[in-house]
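Report on the structure
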Amino acid sequence: MKRLLLLIAFIPVILGSQTRYWNDHTQLIPWRLPMIADKSKIEYIDLDGDGDPDILKTTINGIPVMWIDDDDDMKWGDLEGDQDNDCLLVDRNKDGIFGGPRDLSIDWTDTDGDGIANVQLIVQNGSIEMKKSFDWSTNFTYVIDYEENDGIHNFINWNDLMLSEWEHSGHSNFLTDYHGNTLFLKTQASSFHINNLSYNWENPFIFYDPDKDGLSEMSIRMLDLPEFKVPLDTISSKTNINFSKKVTWTAVAWDLDNDNGQGNEFDFDMTIRFTGKGFDYSDQIHTFKNMKGLAAADKFIYDPRWRHTDTLI
């Protein structure tokens, strides 16, 4: 039900040489990236020489976008990739570089072959300049649907081409899937600043729905607080965020009387927090099928390391 208000299709209006959408400058947020109206502006690239395309490049409202077909089911004439095993890269700053500073990338993985993505990675990068703390304009987030298999993950504001994970309706009906049985791993940093992409800061943040009513009655949040090392040359592409590989902060929350519901989706009544020297979790290794992307597409991406990752700690 939380998605019904967002199922609003784009209706393009052609004004001279510009394409505008009827919901520009409103609070109505479309649920998907607009499709391409002009096929002549699509470029297809066959990377593996098998006769079908692996890359689809075009522009949307003047912004370059690229789809990478990681499961080799793209066809000539397709207007977009798919959201089960493909990757979408948006060159938000129009500098000709995908997956670079201030860009948005979204990678979907179907781990069990049923046509529905179980894992979604959001890479929302900031500037190349390093910081001594988290960069709240950035996001490196995995959402993992380990039971519900409903295809709902993070929420993208397609008007602004930005992740809007805290958008909600009502009191706490978050549009990102924090409901039911789900989990996410998140760091507020650009991917190219993170030393080891198998680790994360909120790692993991898990939501539990023991009575299977679609609402979360319990959550566990674990944190690995990283070390930020800023070199003398702060305008650098080198990584500077190093995770401790220890969980030093944990919180467990419960809805004790199970009275959450519409408009009150997260009625956690009690939270217990633990802090200390932490415990080593580097042996908690999880490998996911199909997560590695098409290696031949690396040449198009600023820092393709996250496309090589299929193991999360």
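Please refer to the structure placed before this passage.
Report follows, based on the coordinates.

Conventions used here
- Residues numbered from 1 in each chain as written.
- Predicted model: local features only at pLDDT ≥ 70, side-chain atom pairs only at ≥ 80, totals over all residues.
- Heavy atoms only, no water.
- Helix = DSSP H or I, 4+ residues; strand = E, 2+ residues; numbered from the N terminus.
- Buried < 20%, exposed > 50% of the residue type's maximum accessible area, 1.4 Å probe, protein only.
- Contact = heavy atoms within 4.5 Å.
- Areas by Shrake-Rupley, 256 points an atom, 1.4 Å probe, with all protein chains shown as cover.
- Pairing = 2+ DSSP bridges.
- Axes fitted to C-alpha atoms, helices over the stretch in contact; angles between N-to-C directions.
- Salt bridge = Lys/Arg side-chain N within 4 Å of Asp/Glu carboxyl O.
- Core = buried A, V, L, I, M, F, W, Y, C linked by side-chain atoms within 4.5 Å.
- Phe/Tyr/Trp six-rings, centres within 6.5 Å; stacked < 30°, edge-to-face > 60°.

This part covers the overall build of the chain. Looking only at helices and strands, the chain features zero helices and 22 strands. Across the 313 residues in the chain, those meeting the buried criterion constitute 50%. Contacts in the chain between residues at least 24 apart in sequence constitute 56% of all its contacts with a sequence separation of at least 6. Summing over all exposed atoms, the chain offers an accessible surface of approximately 15,100 Å²; the carbon and sulfur share of this is 53%.

Within the open sheet, the twelve strands sit side by side as E3-E4-E5-E6-E7-E8-E9-E14-E15-E16-E19-E20. Their pairing is antiparallel. With one partner strand each, in any of the chains shown, strand E3 (43-45) and strand E20 (270-280) form the two edges of the open sheet. Each strand of the sheet is rotated relative to its neighbour by a mean of 15°, with strand direction disregarded. Bridge count between strand E19 (residues 246-254) and E20: eight bridges; the pairing is antiparallel. Bridging from a neighbouring strand, tryptophan 249 pairs with threonine 275 of E20.

All chains considered together, the criterion is met by eight salt bridges. Between aspartate 70 and arginine 307 there is a salt bridge, and its shortest N-O distance comes to 2.6 Å. Taken together, the residues span a long stretch of sequence, with aspartate 70 in the loop between strand E5 (63-69) and strand E6 (86-90) and arginine 307 in the loop between strand E21 (286-287) and strand E22 (311-312) at a distance of 237 residues. With a relative accessible area of 22%, aspartate 70 lands in the partly exposed category. With relative accessibility at 1%, the residue arginine 307 sits in the buried group. Measuring nitrogen to oxygen at the nearest pair gives 3.1 Å for the salt bridge that ties lysine 212 to glutamate 147. Of this pair, lysine 212 sits in the loop between strand E15 (202-208) and strand E16 (218-223) while glutamate 147 sits in the loop between strand E9 (139-144) and strand E10 (156-157), and the two are 65 residues apart along the sequence. Where salt bridges share partners, they join Glu165, Lys186, Glu202 and Arg221 into one cluster.

With 37 residues, the main nonpolar core has Ile68, Leu89, Phe140, Tyr142 and Trp306 as its most contacted residues. Among the secondary structure elements, those contributing two or more residues to this core are E5, E6, strand E8 (119-124), E9, strand E14 (182-187) and E19. Look past the residues within four positions of tryptophan 306 in its chain and what remains in contact with it is Cys87, Leu89, Ser105, Asp107, Leu121, Val123, Phe140, Ser191, Leu197 and Ile301.

Turning our attention to the packing of aromatic side chains. Scanning the model with the defined rule gives 20 aromatic pairs in all. On the basis of an interplanar angle of 40° and a centroid distance of 4.5 Å, the ring pair of phenylalanine 134 and tryptophan 201 is categorised as tilted. Taken together, the positions of phenylalanine 134 in the loop between E8 and E9 and tryptophan 201 in the loop between E14 and E15 put the pair 67 residues apart, joining distant regions of the chain. The burial state of phenylalanine 134 is the same as that of tryptophan 201; both residues are buried. Their ring planes at 70° and their centres at 6.1 Å tell us that tryptophan 136 and tryptophan 201 sit as a pair that is edge-to-face. Placement of tryptophan 136 in the loop between E8 and E9 and of tryptophan 201 in the loop between E14 and E15 is noted, with a sequence separation of 65 residues between them. Residue classification places tryptophan 201 among the buried positions, given a relative accessible area of 8%. Chaining the aromatic ring pairs together yields one cluster made of Trp166, Phe174, Tyr178, Phe184, Phe205, Phe207, Phe266 and Phe268.

We now examine the environment of proline 210. Tracing the backbone shows proline 210 in the loop between E15 and E16. Since its relative accessible area comes to 63%, proline 210 is described here as exposed. Through-space distance from the C-alpha of proline 210 to that of asparagine 181 is 8.3 Å; in sequence the pair is 29 residues apart.

Here the focus is unusual backbone geometry. Each neighbour pair has its own omega, and for asparagine 203 with proline 204 the value is -5°, a cis peptide bond. Along the chain, the position of proline 204 falls in strand E15. The phi torsion at aspartate 72 lies on the positive side, around 60°, for a residue other than glycine. Positionally, aspartate 72 belongs in the loop between E5 and E6. Located in the positive-phi region is asparagine 290, a residue other than glycine, with phi close to 70°. Summarising the element assignment, asparagine 290 is placed in the loop between E21 and E22. Classification of asparagine 290 by relative accessible area gives partly exposed; the value is 46%.

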